[in-house]
Amino acid sequence: MNHVRYPADPRRWLILLAVMLAFLPVVLDMTILHIAVPTLTRALGASSTQVLWIIDIYPLLMAGLLVPMGTLADRIGQRRILLIGLTIFGVASVLAAFAPSATILIAARMLLALGGSMIMPCVLGTIRRAFENENERAMALGLWGTVGAAGAAVGPLIGGALLEHFWWGSVFLINAPVMLVVAPACYLLLPRAELTSPGKWAIGQALLLIAGMISVVYSLKAGVGAKQPLAIVFLTLALGLAMLVLFARKQLHAHEPMLDLALFSHPAIAAGMIIAVVASGALAGVELTLAQELQYVLSKTPFQAGVFMIPIMAAAAIGGPVAGYLSNLFGLRLVASLSLFVSAIALGFLAASDFNEPGLAVPVLLAVLGSMLSIGLTASSIAIMGSVEASKGGAAGSLEATSYELGTGLGISLFGVFISAAYQHAIAIPEGLGSDDAEQAVLSIGDTYLVSHRLAAEQGAALIDAGKTAFTATHSILLSIAAGLIGVLAVVVFFMLASYRERATVRH
């Protein structure tokens with residue numbers, strides 16, 4: 001595959017600025033919605049299942065689209081795909097803002113995913129091509145990661161501020177003015193001359209990947225949440241796995257595969273992808289859980305909840321540059337493993353913390369968690385990008401971006417499904433509640449609030465109290481389990497990266 005190189009282009013830092021601006025709205029849209037979940041649920045009368053799909057159809061569909069869209073960008077030019085993606089993203093944001101129902105909002109989020117999937121691989125690919133010097137590339141990737149984390153940091157705060165004064169659609173409409181600045185900047189700054197790769201764009205393979213991924217995730221959600229009969233769950237899971245296996249076989253036998261599975265033979269790349277999936281999933285899942293805990297249980301306003309969550313994402317914003325410095329000082333293996341281990345400890349302490357009286361301990365723990373997960377994510381980027389030659393940088397970039405989005409989508413799905421399932425077992429429904437109301441109230445704390453609004457004041461208050469107690473117990477169990485899993489991952493990554501420094505030395 002041919003790549004354009006810009007070893008001494010004085011515009012490369014302006015190019016970096018342009019693609020970082022393009023990346024910003026994609027990240028904002030990922031986190032700005034977390035804070036709006038309670039408001040969305042009440043305004044649209046959305047069920048717990050609809051709420052989960054509203055949130056995670058975006059990262060999950062994007063995860064399936066990233067690889068095919070990255071390949072398409074190589075075929076017809078990254079600048080063109082990036083500009084098309086920015087346009088689609090802007091239009092979809094307006095459609096989402098004025099969606100009259102949960103179903104239409106889900107459809108708009110799917111369109112947002114299409115636009116985002118065009119933006120993400122072009123951003124990473126452009127950075128990899130523009131910065132051939134390794135030191136400059138490390139700095140550029142660090143800045144890219146910092147902007148991503150900073151966007152995620154201000155997402156909940158912006159969302160909270162908007163919901164304080166405007167309707168829920170404002171969290172989507174905010175993307176419109178951003179697009180009006182970003183699209184012209186990319187149009188003017190990105191180089192028009194690009195070498196493209198010959199060959200066909202295999203849309204059939206892309207559809208296999210997307211359909212397989214969505215089927216598997218839907219079966220997990222439906223199975224754990226007991227939304228569908230087991231026969232349907234297993235049939236959907238089997239169908240999804242079959243499509244993914246078929247996709248993998250096609251890649252292994254294709255002359256020009258859409259996804260180079262040979263990259264997985266690098267232990268560092270495999271470790272980097274595992275870190276990216278788990279760290280981004282944990283970050284998204286914890287944010288979503290906190291947003292609901294703060295608003296539903298502690299009765300904070302959206303803005304107050306956004307302020308409360310600043311430490312976790314503000315600390316994440318500085319994790320990128322710190323990870324690069326620490327990796328050079330102590331080695332990637334130690335930094336990646338320790339960052340995950342410390343994250344697990346922070347999650348464990350948060351599981352036992354009282355958010356109603358946070359003191360100084362909870363903000364500090366949130367900051368530690370955010371910074372450590374961010375360091376882990378940057379370590380994954382260093383491992384992946386540092387293990388391939390420049391000619392495969394685009395493919396590795398697609399894998400990395402897919403890991404982030406897949407991790408985020410799975411994190412939201414699994415956290416959400418687990419909360420829903422555990423909540424149904426934990427809540428003690430007050431006596432005297434009708435069977436229909438009781439059946440809906442146990443589905444989620446959002447449904448509990450919806451049911452309480454149509455009950456008498458005293459009965460509604462009793463139901464809400466029961467819901468708050470159940471959710472607090474559920475979220476403590478969830479964070480404890482997540483802490484254990486990340487602790488195990490820290491050990492696994494330590495062994496997987498055992499040969500990383502040796503491989504890097506031999507390669508150079």
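Data block above holds the structure.
The structure displayed is predicted, hence computed values, not measured ones.

Colleague: Explain a nonpolar patch on the surface here, please?
Modeller: On the surface, a nonpolar cluster with roughly 1100 Å² of combined accessible area is contributed by Y325, L329, F330, L334, L338, F341, I345, F349, V491, F494 and F495. When contributions to the nonpolar patch are tallied by element, the ones reaching two or more residues are helix 14 (319–330), helix 15 (332–351) and helix 20 (457–496). Looking at the element boundaries, I345 is found in helix 15.

Colleague: How do you make sense of the side chain of E293 when you look at a structure like this?
Modeller: With respect to the secondary-structure elements, E293 resides in helix 11 (residues 267–297). Comment: no salt bridge for buried E293; closest opposite-charge side chain is K468, at 10.0 Å. Ignoring sequence-local partners within four residues, the contact set of E293 consists of L298, F355, F471, T472 and H475.

Colleague: Explain the packing of aromatic side chains to me, please; I cannot follow it from the model alone.
Modeller: The geometry of an aromatic ring pair is captured by the separation of the ring centres together with the interplanar angle, meaning the angle of the planes. Scanning the entire structure with this criterion turns up four aromatic pairs. A centroid spacing of 5.6 Å and a plane angle of 35° characterise the contact between F98 and W167, whose relative ring orientation is tilted. Placement of F98 in the loop between helix 4 (78–97) and helix 5 (102–130) and of W167 in the loop between helix 6 (134–165) and helix 7 (170–173) is noted, with a sequence separation of 69 residues between them. Seen in terms of ring centroids, F494 and F495 are 5.8 Å apart; in terms of plane orientation they differ by 85°. Their pairing is edge-to-face. Taking relative accessible area as the criterion, F494 reaches 31% and is therefore assigned partly exposed. For R79, the ring lying beneath its charged end belongs to Y187, and the centroid distance is 4.8 Å.

Colleague: I tried to follow the packing of helix 11 against helix 20 on my own but got confused; where do I start?
Modeller: In a pair of packed helices, the angle between the axes and the distance between the axes together describe the arrangement. Where helix 11 meets helix 20, the closest approach of the two axes is 11 Å, and the angle between their N-to-C directions is 165°. In terms of their interaxial angle, helix 11 and helix 20 are classed as roughly antiparallel. The way helix 11 lies across helix 20 gives a crossing that is left-handed. Of the residues assigned to the contact of helix 11 with helix 20, the class counts are 17 nonpolar, four polar and two charged.

Cut-offs and rules
- Residues numbered from 1 in each chain as written.
- Predicted model: local features only at pLDDT ≥ 70, side-chain atom pairs only at ≥ 80, totals over all residues.
- Heavy atoms only, no water.
- Patch = residues over 30% accessible without salt bridge, like charges linked within 9 Å, V, L, I, M, F, W, Y side chains within 5 Å.
- Areas by Shrake-Rupley, 256 points an atom, 1.4 Å probe, with all protein chains shown as cover.
- Salt bridge = Lys/Arg side-chain N within 4 Å of Asp/Glu carboxyl O.
- Helix = DSSP H or I, 4+ residues; strand = E, 2+ residues; numbered from the N terminus.
- Buried < 20%, exposed > 50% of the residue type's maximum accessible area, 1.4 Å probe, protein only.
- Lys, Arg positive; Asp, Glu negative; His and termini not counted.
- Contact = heavy atoms within 4.5 Å.
- Phe/Tyr/Trp six-rings, centres within 6.5 Å; stacked < 30°, edge-to-face > 60°.
- Lys NZ or Arg CZ within 6 Å of the ring centre and 35° of its normal.
- Axes fitted to C-alpha atoms, helices over the stretch in contact; angles between N-to-C directions.
- Parallel < 35°, antiparallel > 145°, perpendicular 65-115°, else oblique.
- Left-handed = near helix turned anticlockwise from the far one by under 90°.
- Nonpolar A, V, L, I, M, F, W, Y, C, P; charged D, E, K, R; others polar.

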